[in-house]
Amino acid sequence: MDILLQQILNGLVLGSVYALVALGYTMVYGILGLINFAHGEVVMIGAMIALAVMTLLTGTMVGVPPVVIVSLAIAAAIAVCMALAYAIERVAYRPLRNAPRLAPLITAIGMSILLQNVAMVIWGRQYKTFPQLFSTQPHTIAGATITDLQIVIIVVSAALMVGLLALVNFTRLGRAMRATSENKTIAGLMGVNVDKIISATFVIGAALGAVAGVLVAANYSIAHYSMGFMLGLKAFTAAVLGGIGNLGGAVLGGLLLGLIESIGAGYIGDVTGGFLGSHYQDVFAFLVLILVLVFRPTGIMGERVAERA
Amino acid sequence: MKLKSLQVFFRNAFVAVLGISLLSLLAACGESEETTSEDGEVLRVVRIGHVGPLTGPIAHLGKDNENGVKLALEEANAAGLVIGGKKTRFEMVSEDDEGNPQKGTVVAQKIVDADVAGVIGHLNSGTTIPASKIYFDAGIAQISPSATNVDYTKQGYKTAFRVMANDAQQGAVLGDFAVKKLNAKRIAVIDDRSAYGKGLADQFEIAAKAAGGEVITREFTDMTKTDFTAILTRIKGMSPELVFCGCLDSQTGPMMKQFRNLGLMAIFLSGDGSQTKQFLTLAGDSAEGAYASSPGVPLDKMPGGPAFTEKYKDTFKQEIQLYAPYAYDAANTLIAAIQQADSTDPEVYLPILANIQHEGVSGNVRFDEKGDIKGGSISLYKVADGEWEYIETVGGGS
């Protein structure tokens, strides 16, 4: 029983991060119908910037409490990622907004490769060690263990998701975003500055991504120029699983994917009598995705949207 | 009378000179050529190839190997070896494979075309394996100082040798060590499904079982992952005494951390991919008490280690990086085979190389029927106070 509880906790930690990154994909898709493949790299840049700032500050500002340094590092990461996402949208997507849908998809993939290589040039090929932000002493709850950092990951992710839902549903900006998502042209005619709203969507998604990047790097104490790629792919999968374009769906998809992966890896061997092992972890996750899409092509919480003409 | 004898002498001398130059012309088409040294003695030049990454991220290791070969050849030249009745001078032809398998085959062909008698290299398994076919086709000996992938000598090429223990030998030592020295009976095995990780884990499992250990589970991950909590939790539920991982440091580092965070108190054991500084920095405090192995022995434990270190420093004015002693041994082994065969013709010296006994810096060099080093040594290390601490060396020596 404590093993199952532990696997659920593992899955929740993994899933919270997937959900946070998936929100960035789903927000952009909801408004533009575009899959922003560069989002995973924005997450990576967030981790790298936070690491660089932390290294710089611990070197120069001796005697400053670690909490201040960590906060400054996260703030810097968020700021840089927001600026980066704004620039990406302005340079790579806006000029192609009325082009066929394949064109911005290709520039998105190009952006992803470009950012990875720039990061490789700046920070090198080496795996970088991310500093320890919290005590690693694990707490034991009913036989399962969890560290301070993992608690922080779950709490911060949950808070950010609730904050985002509130922003979209109860503010003026949120209403403008929903309007743009429904119909850009009409929203524009109603006095919504569509360009500004789209930029805001990218920038908010990037801020969430930056936080996710810092959390992931801190959790595994590793940062690497390629870390965003696989994470981005998993988060994108989570967004599709939950129903792409739907914020609640992204959260649900992320948590589900995390749980499926961890419980899958933990029990496939036992269920199949050792015939299939933990290397089927990903196969299992994608099998669930395929099954969901076969029966609900729009994802778990997705709504049927009329095809654009 | 006097005049006539002088004429005869000149004629004879002319024929002799003509003969020698014709002979040397012929010889130039083979692996060696002749020149005349300053004191008028006839010298034969034999080329020895070296290939390693001389540019790129591990350029320092490639240069280190090259230095090892260079040192061996310089010493042989200073000793003035006589092969096939002629004083012989060795020359190195060094090429850069950039650690890239594709470039490796290109420079291998270039080395073959340069008429070398044998090749020392390459450094990486990834470049050594594809290049070995080219050397095999050309019929010249290849001795790798540092490629450890099992497949290199598995291809049945009679020209392929290595002076470092392979991953199978390492896995066998690790399995034995886990059961007999660390007294672990219940063992969990993880690998990253790569050629290196899977190969090492398979060999470990065989050896651990042979030594009386029980492999309670086999878990898998892949090289893109950094989250191992699910498989570690599963392993924890089986309460193992030891966990072995055939993975590289970029994975064992974070794994070690999650291992301790989950409250898993089993012994952690890994191979040479983790016996690195990077593992220590990535795992942080959690690394304490972890074990790992590495092929070969630490430099100061080698029979000729201290003397070689000094010689290397004197010659190159820098520290040994990593594999130079093995490159030095590989070159000297090749020279010894050529010397014993009294020929630079690979057809003549290859059977002798296969059965050679050479007292090297890193230990005794003898090859088995596949071309792997016999009784290659593996050293074991443990993390103590944030550093890798040497425990013991298994095999080799004698």
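Residues numbered from 1 in each chain as written. Chains lettered and ligands numbered in written order. Predicted model: local features only at pLDDT ≥ 70, side-chain atom pairs only at ≥ 80, totals over all residues. Heavy atoms only, no water.

1. A word on the state of the cysteines
Residue and element names in this part refer to chain B. Counted according to the given criterion, the structure contains 1 disulfide over all chains. Sulfur-sulfur distance for the disulfide between Cys 245 and Cys 247 comes to 2.2 Å. Its S-S torsion of approximately -60° makes the covalent link between Cys 245 and Cys 247 left-handed. For the pair shown, Cys 245 and Cys 247 are each scored as buried. (Disulfide = S-S within 2.5 Å. Buried < 20%, exposed > 50% of the residue type's maximum accessible area, 1.4 Å probe, protein only.)

2. Some remarks on the nonpolar core
It is characteristic of soluble globular proteins that their nonpolar side chains tend to be buried jointly. Membership of the largest hydrophobic core comes to 89 residues, with the highest contact counts inside it found for A:Val21, A:Leu23, A:Ile88, A:Tyr93, A:Phe130, A:Leu164 and A:Phe202. Ranked by the residues each element gives to this core, the list is headed by helix 8 (residues 194–220) of chain A, at 16 residues. Those residues within four positions of A:Phe130 in sequence are excluded, and the remaining contacts are A:Ala47, A:Ala50, A:Leu51, A:Met54, A:Val214, A:Ala217, A:Ala218, A:Ser221, A:Ile222 and A:Ala223. Counting 43 residues, the second-largest nonpolar core is a separate cluster that includes B:Val46, B:Ile143, B:Phe316 and B:Ala331. (Core = buried A, V, L, I, M, F, W, Y, C linked by side-chain atoms within 4.5 Å. Helix = DSSP H or I, 4+ residues; strand = E, 2+ residues; numbered from the N terminus. Contact = heavy atoms within 4.5 Å.)

3. Concerning a nonpolar patch on the surface
There is a patch of nonpolar side chains on the surface, built from A:Leu287, A:Ile290, A:Leu291, A:Val294 and A:Phe295 and spanning about 540 Å² of accessible area. Here A:Phe295 is to be found in helix 11 (residues 281–295). (Patch = residues over 30% accessible without salt bridge, like charges linked within 9 Å, V, L, I, M, F, W, Y side chains within 5 Å. Areas by Shrake-Rupley, 256 points an atom, 1.4 Å probe, with all protein chains shown as cover. Salt bridge = Lys/Arg side-chain N within 4 Å of Asp/Glu carboxyl O.)

4. Structural notes on the packing of helix 9 (residues 227–242) of chain A against helix 11 of chain A
Residues and elements named next belong to chain A. Contact pair helix 9 / helix 11: the axes reach a minimum separation of 10 Å and the direction vectors enclose 30°. In terms of their interaxial angle, helix 9 and helix 11 are classed as roughly parallel. In this structure, helix 9 meets helix 11 at a crossing whose hand is left-handed. Contact residues: helix 9 offers Lys 234, Thr 237, Val 240 and Leu 241, while helix 11 offers Asp 282, Phe 286, Val 288, Leu 289, Val 292 and Leu 293. Broken down by class, the residue content of the contact of helix 9 with helix 11 amounts to 7 nonpolar, 1 polar and 2 charged. (Axes fitted to C-alpha atoms, helices over the stretch in contact; angles between N-to-C directions. Parallel < 35°, antiparallel > 145°, perpendicular 65-115°, else oblique. Left-handed = near helix turned anticlockwise from the far one by under 90°. Nonpolar A, V, L, I, M, F, W, Y, C, P; charged D, E, K, R; others polar.)

5. Topic: unusual backbone geometry
Backbone torsion omega between B:Gly121 and B:His122 reads -5°, so that peptide bond is classified as cis. Looking at the element boundaries, B:His122 is found in the loop between strand 5 (118–120) and helix 4 (125–138). Even without being a glycine, A:Ser221 presents a positive backbone phi close to 45°. Following the sequence through the fold, A:Ser221 ends up in the loop between helix 8 and strand 4 (222–223). A relative accessible area of 1% places A:Ser221 in the buried class. In the Ramachandran plot, B:Glu98 falls in the positive-phi region, its phi being about 55° despite a non-glycine side chain. By the element assignment, B:Glu98 lies in the loop between strand 4 (86–96) and helix 3 (101–113).

6. Comments concerning the pairing of strand 6 (residues 141–144) of chain B
All names here are of chain B. Neither face of strand 6 is left uncovered, since the one carrying Ala 141 and Ile 143 and the one carrying Gln 142 and Ser 144 both have all their residues buried. Both strand 5 and strand 6 contribute to a ladder of 3 bridges, which runs parallel. Among the inter-strand pairings, Gly 118 is bridged to a residue of strand 6, identified as Ala 141. Crossover connection from strand 5 via helix 4 to parallel strand 6: handedness right-handed. Direction of pairing for strand 6 relative to strand 7 (residues 160–162): parallel, over a ladder of 3 bridges. Following the sheet pairing, Gln 142 is matched in strand 7 by Ala 160. (Pairing = 2+ DSSP bridges. Right-handed = clockwise from strand over helix to strand, strands pointing away.)

7. Brief notes about the environment of B:Asp192
All names here are of chain B. Residue placement: Asp 192 occurs in the loop between strand 8 (186–191) and helix 7 (195–210). Note: C-alpha distance between Asp 192 and Asn 261 (69 residues apart in sequence) is 21 Å. Once residues lying within four places of it in the same chain are set aside, the contact partners of Asp 192 are Gly 197, Lys 198, Thr 221, Asp 222, Met 223, Gly 246, Cys 247, Leu 248 and Gln 251.

8. With respect to the pattern of salt bridges
All names here are of chain B. By the definition in use, this model includes 26 salt bridges over all chains. Close ionic contact of Lys 110 with Glu 95 constitutes a salt bridge, the shortest N to O distance being 3.4 Å. With Lys 110 in helix 3 and Glu 95 in strand 4, this pair connects stretches of sequence that are 15 residues apart. Note that Lys 209 and Glu 205 form a salt bridge whose closest N and O atoms lie 2.9 Å from each other. Separated by 4 residues within a single helix, Lys 209 and Glu 205 lie in helix 7, roughly one turn from each other. Looking at Glu 205, the relative accessible area reads 16%, which means it is buried.

9. Topic: the domain arrangement of chain B
All names here are of chain B. When cut into domains, chain B gives domain 1 (31–165 + 301–365) and domain 2 (168–295 + 378–394). Between domain 1 and domain 2, the C-alpha centre-to-centre distance is 34 Å. Interface of domain 1 and domain 2: buried area, both sides summed, is about 550 Å²; carbon and sulfur atoms make up 66% of it. Of all residues in domain 1, the largest losses of buried area upon contact with domain 2 belong to Val 150, Ala 165 and Lys 301, amounting jointly to 61% of the total for that side. If you look at where domain 1 meets domain 2, you find 0 salt bridges. On the surface where domain 1 and domain 2 come into contact, there are 0 residue pairs in polar contact (both at pLDDT 80 or more). (Domains from an automatic or database assignment. Buried area = accessible area lost by both parts, 1.4 Å probe. Polar contact = N/O pair within 3.5 Å; in protein donor to acceptor, adjacent residues only side chain to side chain.)

10. Examining the interface of chain A and chain B
Across the boundary between the two partners, chain A contributes 29 residues, which contact 26 residues of chain B. Across the chain A/chain B interface, buried area totals approximately 2,400 Å², and carbon plus sulfur atoms make up 53% of it. Three residues stand out in chain A for area buried against chain B, namely A:Tyr127, A:Tyr220 and A:His279, and they jointly supply 21% of the buried area on that side. The tally of links between chain A and chain B comes to 0 salt bridges.

11. Re the packing of aromatic side chains
Residue and element names in this part refer to chain B. A complete count under the given rule lists 13 aromatic pairs over all chains for this structure. Ring geometry for Phe 308 and Tyr 312: centres 6.1 Å apart, planes at 50°, overall tilted. Here the residue Phe 308 and the residue Tyr 312 both occupy positions in helix 11 (residues 305–316), the gap between them amounting to 4 residues, near one helical turn. Overall, Tyr 312 belongs to the buried group, its relative accessible area being 0%. Residue Phe 308 is classed as buried on the basis of its relative accessible area, which comes to 1%. Cluster of aromatic residues (ring-pair linked, three or more members): Phe 308, Tyr 312, Phe 316 and Tyr 328. (Phe/Tyr/Trp six-rings, centres within 6.5 Å; stacked < 30°, edge-to-face > 60°.)

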